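These are the residues of each chain, in order.
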Amino acid sequence: MASEPALRVIMRRLREILSEPGDGQARLNKIVRQIAGVMVAEVCSIYLRRRDRSLELFATEGLKPEAVHNTRLNRGEGLVGRCAELGIPINEPDAQSHPAFSYRPETGEEAYHSLLAVPIQRSGQVIGVLVIQNHTARQYSEDDTEVLQATAMVIAELLVSGAVSGTEADIEISKSLTAVIKGEVIADGIALGHAVPHEPRVVVSTLMSDDPAAELARLEAALATLHAWIDEMFEHDRLAAAGEHRDVLEAYRMFERDRGWQRRLSEAVQDGLTAEAAVERVQNGTRAHMLRQSDPYIRERVRDLDDLSDRLLRILTGRGDRQAPVELPPDTILIARTMGPAELLDYDRTRLRGLVIEDGSRQSHVAIVAKALGIAAVGQARRIVEHVTAGDAVIVDAETGEVHIRPSADLVKSYSDKVSFRAKRQERYRKLRNVPAVTRDGVAIRLSMNAGLIADMPHLEESGAEGIGLFRTEIQFMLSEKMPRLTQQTEAYRAVLAEAAGKPVVFRTLDIGGDKMLPYLRALPEENPAMGWRATRMVLDRPALFRAQVRALLRAANGGCLHIMVPMLSTASEMDELRGLVDKELAHARRHGYPLPSTLNVGAMIEVPSLLFELDALLPKVDFVSVGSNDLLQFLYAADRTNAQVAHRYEPLSIAPMRALRSLIRKADEYSVPLTVCGEMAGNALSAMALIGLGCRSLSMAASSIGPVKAMILSLDAGRLQERMEEALSRPETDLYACLQGFAEKSGIEL
Ligand code: PEP
Ligand code: MG
């Protein structure tokens with residue numbers, strides 16, 4: 001069967017049915033009759049999902065009429081239930097011999113051998129199933145499946161708009177469909193709010209057209225605009241050389257020039273869909289096809305295709321080819337496929353409550369920024385963008401990783417209670433603010449906070465942190481359109497020191513590269529940026545960059561105490577080079593009459609494992625060290641910190657990293673070099689406990705973690721923990737995580 005005429009005929013008949021008088025059920029009955037006729041099937045049925053996720057037969061042509069509203073399939077029952085659960089078409093020439101077939105005598109379906117079922121979906125949610133059946137063992141073609149899928153898409157819209165339905169009383173076919181997506185916590189918290197898609201998805205509401213010629217003209221005009229946009233992007237000098245952008249553009253061009261893609265779009269329009277609906281239909285079809293491929297490259301390209309189609313939809317709906325500035329609701333939950341730290345900072349932070357993305361991990365920089373902003377964030381939320389429409393109510397539970405979309409009133413109530421419980425707990429932490437962090441057996445632990453924005457500084461006082469253990473200076477650079485000048489840098493550091501009001505601030509020099517790219521700093525495309533030309537490697541090649549920063553820091557310190565820390569050192573000798581540059585700046589300051597700092601401490605971050613084997617050379621050259629456990633773990637395990645797919649492959653609280661950290665802590669003690677841990681490990685109560693058990697006495701973390709970590713410390717006996725860990729680490733193999741959990745539980749430690 002040729003797909004064009006069939007779909008075109010169905011669309012025409014649907015339009016006729018809608019223009020005739022009749023109630024919802026009558027229309028649904030007519031629809032199944034028409035579909036059966038056009039598809040040359042003896043049976044056509046529509047099942048709709050009820051609240052308990054069972055499927056109720058709502059209309060049929062061919063099965064016994066008395067089965068309508070009586071036949072109910074349990075969740076996942078039979079081939080129809082399977083189609084709904086998996087959200088995929090099921091095509092069975094011999095359905096009855098399929099092991100999943102469920103026989104319902106009241107329907108009389110024993111007479112039919114073949115079955116083709118497709119899900120009726122709306123916003124990524126299966127709300128029902130459309131089925132055709134034949135007496136013969138018919139093998140339905142791909143065209144048949146596509147026609148039925150496109151029809152199901154239109155039926156979904158008709159159901160939701162109320163144009164057709166049956167006894168709708170308790171059927172969930174409204175726009176208020178609730179959904180839960182399970183992701184992974186990347187920044188703790190709970191947020192209730194409303195969805196703002198990072199790249200707003202265009203919701204196509206007009207699906208059928210009476211004038212295919214006019215629609216075709218619109219489609220062609222939109223394709224021409226899209227073409228011009230891609231050309232313009234290619235010519236744009238900022239993007240021309242950039243590796244990743246170029247890849248994306250190449251992919252765009254590949255799809256945009258694909259004649260098959262264009263043909264499918266015009267065919268869908270000729271079949272009676274609007275240009276927008278055609279884009280959505282072709283996008284769905286191609287996406288499904290590509291996701292079936294085993295080649296990961298092709299699967300990855302799905303995202304490019306989605307972006308391209310979204311852009312085409314924006315052009316068609318007159319929303320231009322640029323993202324329109326959005327008016328943020330006061331309780332914004334940002335929804336995105338992916339987001340970089342700088343993009344997140346583009347939003348008005350006073351209105352942000354939560355973030356949900358389809359990728360990301362706890363150690364990614366966007367997670368760190370989310371944490372610094374105090375917003376709840378969930379990553380690895382599969383297909384969240386498809387499920388959410390702008391303005392939807394959303395709850396981000398960044399305790400369990402669940403994202404509730406369009407939640408019920410009951411759920412909102414219970415989460416509101418949870419939020420107030422958390423607020424009470426925060427209140428308790430606030431009360432601990434001025435309580436010294438000393439364990440039950442009298443071991444004092446220094447707790448500092450991490451910061452990167454001047455706006456973080458008030459948290460210093462609020463959290464009771466003893467100072468800033470890590471100030472990420474690159475954030476100012478990332479926020480800036482162009483390289484901040486010396487005076488701007490000096491001003492920024494001066495403001496930070498003024499806000500710190502005498503508490504020490506450890507300024508980390510530029511850590512750019514990896515996932516922190518500066519738009520104005522041209523870098524060559526790299527295969528592996530995390531291990532590439534970043535941080536100290538970059539500044540050693542461009543000493544002027546480093547010297548300008550040190551000059552600004554010296555001026556900002558204005559004769560006071562100054563702590564400078566260099567990231568991503570890989571050899572002890574790099575420290576000599578960096579010290580040399582600092583000395584030059586000291587000499588420059590002296591020559592120009594600037595006051596020299598009363599104390600100048602220069603320290604190194606331990607993030608690259610090679611340094612662990614060069615400590616006798618490194619430690620005498622530094623005034624302090626700070627362990628960047630995020631990077632150290634990623635390199636120790638060769639596991640990309642931004643890739644959550646590998647995050648589960650290793651456990652930070654296990655023998656290898658703990659032994660590495662123990663020997664590092666001991667060595668630093670031996671050389672009397674102060675050591676702090678400033679990676680994410682320090683801010684998690686259980687891993688902070690483990691670090692104390694290894695002998696670490698200084699931790700730096702997000703301000704929001706100070707309270708929970710202090711509560712843990714106040715309930716801890718460090719001596720007993722140290723013995724327990726020594727014993728565990730002396731074994732060749734042990735489940736250290738379980739051992740630490742067990743210790744905490746038995747000793748009544750507040751985690
Ligand atoms: C780290 O690597 O642990 C660290 C603190 O630095 P960043 O997260 O900024 O790379
Ligand atoms: Mg790091």
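That block above? That's the structure.
The following refers to the structure shown.

1. What to know about the overall build of the chain
For step 1, the next point in the chain: Along the chain, the regular secondary structure elements total 28 helices and 22 strands.
For step 2, the next point in the chain: Across its three principal directions, the C-alpha atoms of the chain cover 90 × 60 × 45 Å.
For step 3, the next point in the chain: Counting every position in the chain, which comprises 751 residues, the buried fraction comes to 54%.
For step 4, the next point in the chain: Sequence separation of at least 24 residues holds for 66% of the intrachain contacts in the chain that already meet a minimum separation of 6.
For step 5, the next point in the chain: With an accessible surface of roughly 31800 Å², the chain has 51% of that area assigned to carbon and sulfur atoms.
For step 6, the next point in the chain: Distance between charge centroids for the chain: 4 Å, based on 90 positive and 103 negative side chains.

2. Quick look at the pattern of salt bridges
Should the charged atoms of two oppositely charged side chains come close, the side chains can pair.
For step 1, the next point in the chain: Tallying each qualifying case throughout the model produces 42 salt bridges.
For step 2, the next point in the chain: For E85, the salt bridge is made with R75, and the minimal N-O distance between the two is 3.3 Å. Placement of the pair is E85 in helix 3 (residues 78–86) and R75 in the loop between strand 3 (72–73) and helix 3, with a sequence separation of ten residues.
For step 3, the next point in the chain: Relative accessible area serves as the criterion here: at 52%, R75 is assigned to the exposed category.
For step 4, the next point in the chain: Notably, a salt bridge pairs E585 with R547, separated by 2.7 Å at the nearest N-O pair.

3. A closer look at the coordination of the magnesium ion (ligand 2)
For step 1, the next point in the chain: Looking at the magnesium ion (ligand 2), one finds its protein donor set to be E607 (OE) and D631 (OD), positioned 2.0 to 2.1 Å from the metal centre. With E607 in the loop between strand 19 (599–606) and helix 21 (615–618) and D631 in helix 22 (residues 629–636), this pair connects stretches of sequence that are 24 residues apart. Just as E607 is buried, D631 falls in that class too.

4. Considerations on the site of ligand 1
For step 1, the next point in the chain: For ligand 1, the set of nearby residues contains 16 residues, the closest of which are R508, E607, G628, N630 and R641.
For step 2, the next point in the chain: At 2.8 Å, a side-chain N or O of E607 approaches an oxygen atom of ligand 1.
For step 3, the next point in the chain: One of the side-chain nitrogen or oxygen atoms of R641 is found 2.7 Å away from an oxygen atom of ligand 1.
For step 4, the next point in the chain: Surface burial for ligand 1 is 100%, taken as the share of its 290 Å² of free accessible area covered by protein chains.
For step 5, the next point in the chain: Of all elements in the fold, only helix 12 (365–373), strand 16 (468–472) and helix 22 reach the threshold of two or more residues within the shell around ligand 1.
For step 6, the next point in the chain: It is helix 22 that provides the largest number of residues to the shell around ligand 1, a total of three residues.

5. Re the sheet that holds strand 6 (residues 125–134)
For step 1, the next point in the chain: If you trace the six strands from one edge of the open sheet to the other, you get 3-2-1-6-5-4, paired in antiparallel fashion. One side of each edge strand has no neighbouring strand; the edge strands of this open sheet are strand 3 and strand 4 (90–92).
For step 2, the next point in the chain: In the packing of helix 3 onto the sheet, the strands contacted are strand 1 (43–49), strand 2 (55–61), strand 3, strand 4, strand 5 (114–122) and strand 6, and the crossing angle to strand 6 comes to about 145°.

6. Some details on the pairing of strand 7 (residues 179–182)
For step 1, the next point in the chain: By the alternation rule, side chains of strand 7 split into A179 and I181, which are all buried, and V180 and K182, of which none is buried.
For step 2, the next point in the chain: The pairing of strand 7 with strand 14 (residues 402–405) spans four bridges and is antiparallel. Bridge pairing links V180 to H404 in strand 14.

7. What to know about the packing of aromatic side chains
For step 1, the next point in the chain: The final tally for this structure, using the stated rule, is three aromatic pairs.
For step 2, the next point in the chain: Taken together, the aromatic side chains of F471, Y493 and F507 make up a single cluster linked through ring pairs.

8. What about helix 19 (residues 543–557)?
For step 1, the next point in the chain: With 15 residues, helix 19 should reach 21 Å at 1.5 Å per residue; the first-to-last C-alpha distance of 21 Å fits that figure.
For step 2, the next point in the chain: Among all positions of helix 19, only L545, F546, Q549, V550, A552, L553, L554, R555, A556 and A557 are buried.
For step 3, the next point in the chain: Positive phi appears at N558, one or two residues downstream of helix 19, with a value of about 50°.

9. A closer look at helix 17 (residues 486–500)
For step 1, the next point in the chain: Here helix 17 spans 21 Å end to end across 15 residues, near enough to the 21 Å set by a 1.5 Å rise per residue.
For step 2, the next point in the chain: Three or more residues of helix 17 are buried, namely Q489, T490, Y493, V496 and A500. Viewed end-on, helix 17 has its buried residues packed into an arc of 125°, placing them on one side of the element. Exposed residues on helix 17 whose side chains face more than 90 degrees from its buried face are T487 and A498.
For step 3, the next point in the chain: Turning to helix 17, the residues buried within the fold contact helix 15 (458–463), strand 16, helix 16 (474–479), strand 17 (505–508) and helix 19.
For step 4, the next point in the chain: Directly beyond the C-terminal end of helix 17, a positive phi value near 45° is found at A501.

10. Digging into the nonpolar core
For step 1, the next point in the chain: Counting residues in each nonpolar core, the largest one holds 100 residues, and the members touching the most others are M658, M689, L699 and M712.
For step 2, the next point in the chain: Sorting elements by how many residues they give to this core places helix 19 first, with eight residues.
For step 3, the next point in the chain: Ignoring anything within four residues of it in the chain, the contact list for M712 reads A685, A688, M689, I692, I749, E750 and L751.
For step 4, the next point in the chain: Residues M153, L226, A277 and L308 belong to the second largest nonpolar core, which totals 67 residues.

11. A short note on the environment of L313
For step 1, the next point in the chain: Along the chain, L313 falls in helix 10 (residues 296–316).
For step 2, the next point in the chain: Considered as a pair, L313 and E280 are 33 residues apart in the sequence and their alpha carbons are 8.3 Å apart.

12. Comments concerning the side chain of S448
For step 1, the next point in the chain: Mapping S448 onto the fold places it in strand 15 (residues 446–451).
For step 2, the next point in the chain: S448 has contacts with A465, E466, G467, I468, G469, L699, S700, M701 and I706, leaving out every residue within four places of it along the chain.

13. Topic: the pairing of strand 9 (residues 189–197)
For step 1, the next point in the chain: Counting buried positions along strand 9 yields seven of nine residues, so the element is predominantly enclosed.
For step 2, the next point in the chain: In terms of strand pairing, strand 9 meets strand 13 (residues 393–398) through six bridges, oriented antiparallel. Across the sheet, residue H194 finds its bridge partner in strand 13, namely A393.
For step 3, the next point in the chain: Across four bridges, the pairing between strand 9 and strand 10 (residues 332–336) is parallel. When the sheet's bridge partners are listed, A195 is paired in strand 10 with I333.

14. What to know about the packing of helix 24 (residues 655–670) against helix 27 (residues 718–730)
For step 1, the next point in the chain: Where helix 24 meets helix 27, the closest approach of the two axes is 11 Å, and the angle between their N-to-C directions is 120°. If you check the angle between helix 24 and helix 27, you find them oblique. Judged by the sense of rotation from one axis to the other, the crossing of helix 24 with helix 27 is left-handed. Side by side, helix 24 and helix 27 meet where I655, M658, R659, R662 and R666 of the first sit next to M725, E726, A728 and L729 of the second.
For step 2, the next point in the chain: Class assignment of the residues belonging to the contact of helix 24 with helix 27 gives a composition of five nonpolar, no polar and four charged.

Conventions and cut-offs
Residue positions are counted from 1 within each chain, in the order its sequence is given. As a convention, the first chain written is A and the first ligand written is 1, with the rest following in written order. pLDDT decides what is reported in this predicted model: residues at 70 or higher carry local features, side-chain atom pairs at 80 or more are listed and counted, and totals for whole chains, interfaces and linings draw on all residues regardless. Think of the side-chain values as coming from all heavy atoms in the structure, minus any hydrogens and water. For the purposes of this entry, the term helix denotes a DSSP run of H or I that reaches at least four residues, the term strand denotes a run of E that reaches at least two, and both are numbered from the N terminus. Only protein chains enter the calculation, and the probe is 1.4 Å; a residue is then buried if its accessible area is under 20% of its type maximum, exposed if over 50%, and partly exposed in between. Note on contacts: a residue pair is in contact if any heavy atoms of the two residues lie within 4.5 Å. All accessible areas in this document rest on Shrake-Rupley with a 1.4 Å probe, and a residue is counted as covered only by the protein chains that are shown. A positive count includes Lys and Arg, and a negative count includes Asp and Glu. His and the chain ends are not counted in either. For charged residues, the charge sits on one atom: NZ in Lys, CZ in Arg, CG in Asp, CD in Glu. By convention in these notes, a salt bridge is any Lys or Arg side-chain nitrogen within 4 Å of a carboxyl oxygen on Asp or Glu. For Na, K and Ca the donor cut-off is 3.2 Å, while for other metals it is 2.8 Å, and in both cases only N, O and S atoms qualify; water is not among them, so sites may look incomplete. Any residue with a heavy atom positioned within 4 Å of a molecule or strand is treated as near that molecule or strand. We call two N or O atoms a polar contact when they sit within 3.5 Å, provided that within protein one can donate a hydrogen and the other can accept it, with sequence-adjacent residues counted only if both atoms are side-chain atoms. When DSSP finds two or more bridges between two strands, those strands count as paired. Every axis corresponds to a line fitted to the C-alpha atoms, with the helix fit spanning only the stretch in contact, and the corresponding angles, defined between N-to-C directions, vary from 0 to 180 degrees. Stacked, edge-to-face and tilted are the three classes for Phe, Tyr and Trp ring pairs, Trp counted by its six-membered ring, which pair at centre distances within 6.5 Å; planes under 30 degrees apart are stacked, over 60 edge-to-face, the rest tilted. A helix's residues, less one, multiplied by 1.5 Å, set its expected span. The arc in question is the one spanned by the directions pointing from the helix axis to the C-beta atoms. Put simply, buried Ala, Val, Leu, Ile, Met, Phe, Trp, Tyr and Cys residues joined by side-chain atoms within 4.5 Å make one nonpolar core. Should an angle lie under 35 degrees it is considered roughly parallel, over 145 roughly antiparallel, and from 65 to 115 roughly perpendicular; all remaining angles are considered oblique. Helix crossings fall into two classes, left-handed where the near helix is turned counterclockwise from the far one by less than a right angle and right-handed where it is turned clockwise. Side-chain classes are defined by residue name, with Ala, Val, Leu, Ile, Met, Phe, Trp, Tyr, Cys and Pro counting as nonpolar, Asp, Glu, Lys and Arg as charged, and the others, Gly among them, as polar.

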